[in-house]
Amino acid sequence: MPIFYHIMLKNYPTTNHVRIVTALILTGILSISSGLTFIKNATAASTNLLPDTTNEVLKQNIKLNRLPRPVANAVLRDLAQRLGIFTSQLKIINYSQQTWRDGCLELPQPDELCTQALVPGWLVVVSNNRQNWIYHTNNNGRSLRLALPNTSSDNLPDRLPALVKNRILQAASRRLQLPISRLTVIQAQQQTWRDGCLELGNINESCIAALTPGWRVVIGAANQTLVYHSNQTGSVIKLNDRAGDSPTANNSTEPIQISASELPPPLDRGVVFRQISSGGFAGRTYETVLLNDGSLIRVRIGDANDSERSVRRISRQEVQKFQQLLERYRFGEYKNLNYPAPSGAADYITYTLTSREGTVQYNDFLQNNLPQNLQKVVKAWNQISNSQVSNGNTGEAVPIPASELPPPLDRGVVFRQISSGGLFPRTYETVLLNDGRLIRVRIGDANDSDRSVRRISTQQVRQFEQLLERLEFSEYQNQSYPAPSGAADYITYTLTSQEATVQYNDISQNNLPQNLREVVDNWNQIVSNAQT
């Protein structure tokens with residue numbers, strides 16, 4: 001049975017157009033005849049809007065306006081990080097399009113100023129089969145906010161008095177050194193404590209032997225929970241150190257000192273900041289430096305021909321702002337600290353950041369578990385290194401017109417590359433199957449004489465899928481990085497996963513956003529190393 005079709009790109013739109021129109025007509029007929037759709041419980045028969053994963057959306061909830069995959073992925077990733085679990089343990093059970101009345105998606109934080117503008121987006125309900133969470137998002141999922149969890153029976157957090165909730169959240173925020181926006185009231189139960197110490201008295205503490213009505217509240221953050229006891233008004237709050245998990249520390253990983261022999265060299269004169277990234281599936285090392293004139297230079301270590309060098313530029317004002325940010329968030333306080341990957345982790349990317357004040361090392365597994373100030377530095381640096389202002393080699397990313405998108409992947413296909421153009425224009429299609437086969441054909445080759453079949457291990461396939469998720473390939477959905485005006489004889493590459501399609505060319509490759517470059521590098525490594 002064929003895995004994919006040998007179809008010229010020009011023929012894709014026509015075929016799919018007919019199929020889409022037919023499907024919409026049939027869907028409309030079925031919708032009218034079936035009447036209202038009722039949301040059933042999470043154990044009902046389901047269909048999967050995220051193919052080849054266990055994150056499901058109930059069949060009864062499929063709508064004509066389907067939830068965009070980037071929105072679904074962003075919501076699942078955010079909640080999984082908060083709860084310290086895998087996204088496969090969560091599923092989306094309902095969603096609806098919304099137009100929020102302000103820039104805070106109608107979920108403002110205390111003292112937060114919200115832009116007064118209509119924001120189209122989505123309301124998404126996520127479940128782990130025991131509890132539900134409600135998210136508000138914008139159209140693409142890049143802005144999202146978690147409403148209070150929507151649990152059942154007597155555990156509904158909305159029964160918790162606002163004064164008690166706010167006092168407990170403030171206590172948890174101080175305890176974990178996290179903003180309140182990163183905390184969630186997971187459970188709130190009314191309790192009658194047996195004494196005035198809320199059953200958490202110390203050995204030397206004298207507790208009034210009287211029944212005390214109050215609350216037992218569970219606060220959730222990434223990888224941990226805190227359990228608080230309070231009286232009825234919240235004037236007395238105590239942390240239950242015997243309950244919850246990891247209650248005594250920030251959710252950051254315990255750092256270790258970088259040995260002197262492993263420290264990179266100090267910055268050269270005129271260099272403001274440097275990042276060295278190494279490891280990952282491709283096992284390559286890249287160095288990116290920011291100069292005080294705004295130049296952003298990236299090279300691959302060991303590239304004898306310097307063929308992957310790219311030079312881009314930001315303004316001097318942006319350089320100064322970044323230097324001020326380094327000072328404001330006390331980057332120097334993390335001098336020579338390494339936040340190591342968890343035991344057993346593999347194919348992760350290690351980042352070594354160096355300023356004039358010191359060096360910090362972390363990896364992509366634990367980026368979201370770094371101390372808050374360090375996370376802010378990493379986020380600001382990533383925004384700079386991913387900026388699209390360049391030396392003129394490429395322009396901003398542009399949307400790929402719907403009529404030019406290739407067809408979605410066939411079942412069993414993990415990734416696909418279509419290359420076309422060049423000095424001798426030919427079009428090749430290379431697909432990676434979930435059994436590890438890597439199949440390459442030339443489009444229009446009537447005799448199929450250019451077909452090749454090679455193989456990588458299924459473990460490598462899984463690792464590549466994890467890398468696509470880690471580097472957020474879906475964030476670049478339907479974006480094209482075009483060649484500069486007047487360029488000729490370049491090769492265009494169209495990459496498609498189950499979540500997105502991205503297009504670039506061999507001229508613009510070195511100026512792609514950093515995460516996207518990492519995906520391209522890893523894919524090229526797979527193609528180069530596959531065995532016959």
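The preceding data block contains the structure.
Presented here is a report on the structure given in the accompanying data block. (Residues numbered from 1 in each chain as written. Predicted model: local features only at pLDDT ≥ 70, side-chain atom pairs only at ≥ 80, totals over all residues. Heavy atoms only, no water.)

### Comments concerning the sheet that holds strand β23 (residues 452-455)
Move 1: Read from one edge to the other, the open sheet built from eight strands follows the order β19-β24-β26-β25-β20-β21-β22-β23, with strand pairing classed as mixed. Whereas interior strands pair on both sides, the edge strands pair on one side only; in this sheet they are β19 (398-399) and β23.
Move 2: When strand β25 (residues 491-497) meets strand β26 (residues 501-505), the two strands line up antiparallel, connected through five bridges. Bridge pairing links Y493 to Y504 in β26. (Pairing = 2+ DSSP bridges. Helix = DSSP H or I, 4+ residues; strand = E, 2+ residues; numbered from the N terminus.)

### Remarks on the pairing of strand β22 (residues 437-442)
Move 1: As defined by bridge partners, strand β21 (residues 428-433) adjoins β22 across five bridges and the pair is classed as antiparallel. Pairing of E429 across the sheet is with V441, part of β22.
Move 2: Hairpin connection between β21 and β22: a loop of three residues separates the two successive antiparallel strands, and G436 in this loop has a positive phi of roughly 100 degrees.

### As for the packing of helix α4 (residues 316-328) against helix α5 (residues 372-385)
Move 1: Between α4 and α5, the shortest axis-to-axis distance is 10 Å and the interhelical angle comes to 165 degrees. With respect to each other, α4 and α5 are oriented roughly antiparallel. For the pair α4 and α5, the sense of crossing is left-handed. Seen from α4, the contacting residues are F322, L325 and L326; seen from α5, they are K376, V377, A380, W381 and I384.
Move 2: Tallied by class, the residues present in the contact of α4 with α5 amount to seven nonpolar, no polar and one charged. (Axes fitted to C-alpha atoms, helices over the stretch in contact; angles between N-to-C directions. Parallel < 35°, antiparallel > 145°, perpendicular 65-115°, else oblique. Left-handed = near helix turned anticlockwise from the far one by under 90°. Contact = heavy atoms within 4.5 Å. Nonpolar A, V, L, I, M, F, W, Y, C, P; charged D, E, K, R; others polar.)

### A look at the pairing of β26
Move 1: Of all five residues in β26, five are buried, a share of seventy percent or more.
Move 2: Burial along β26 is two-sided: the face carrying T501, Q503 and N505 and the face carrying V502 and Y504 are both buried.
Move 3: Inspection of the sheet shows strand β24 (residues 479-480) paired to β26 by two bridges, in the parallel sense. When the sheet's bridge partners are listed, Q479 is paired in β26 with V502.
Move 4: In this structure, the hairpin formed by β25 and β26 is closed by a connection of three residues. (Buried < 20%, exposed > 50% of the residue type's maximum accessible area, 1.4 Å probe, protein only.)

### Examining the nonpolar core
Move 1: Core analysis: the largest hydrophobic core is formed by 51 residues, its most contacted members being F273, L290, F415, L432 and F473.
Move 2: When residues of this core are assigned to their parent elements, the largest contribution, six residues, is made by α5.
Move 3: Ignoring any residue separated from it by four or fewer positions in sequence, one finds L432 in contact with G412, V413, V414, F415, R437, L438, I456, V461, F464 and W523.
Move 4: Judged by nonpolar contacts, the second largest core, of 17 residues, contains I168, V185, Y228 and L239. (Core = buried A, V, L, I, M, F, W, Y, C linked by side-chain atoms within 4.5 Å.)

### Observations concerning the environment of R356
Move 1: By the secondary structure assignment, R356 is in the loop between β17 (349-354) and β18 (359-363).
Move 2: Sequence spacing of R356 and L267 is 89 residues, and the spatial spacing of their C-alpha atoms is 6.8 Å.
Move 3: For R356, the residues in contact, after removing those within four places along its chain, are L267, D268, R269, G270, V271 and V272.
Move 4: At 2.5 Å, the side chain of R356 and the backbone oxygen of D268 are in polar contact.
Move 5: For R356, the side chain forms a polar contact with the main-chain oxygen of V271, separated by 3.1 Å. (Polar contact = N/O pair within 3.5 Å; in protein donor to acceptor, adjacent residues only side chain to side chain.)

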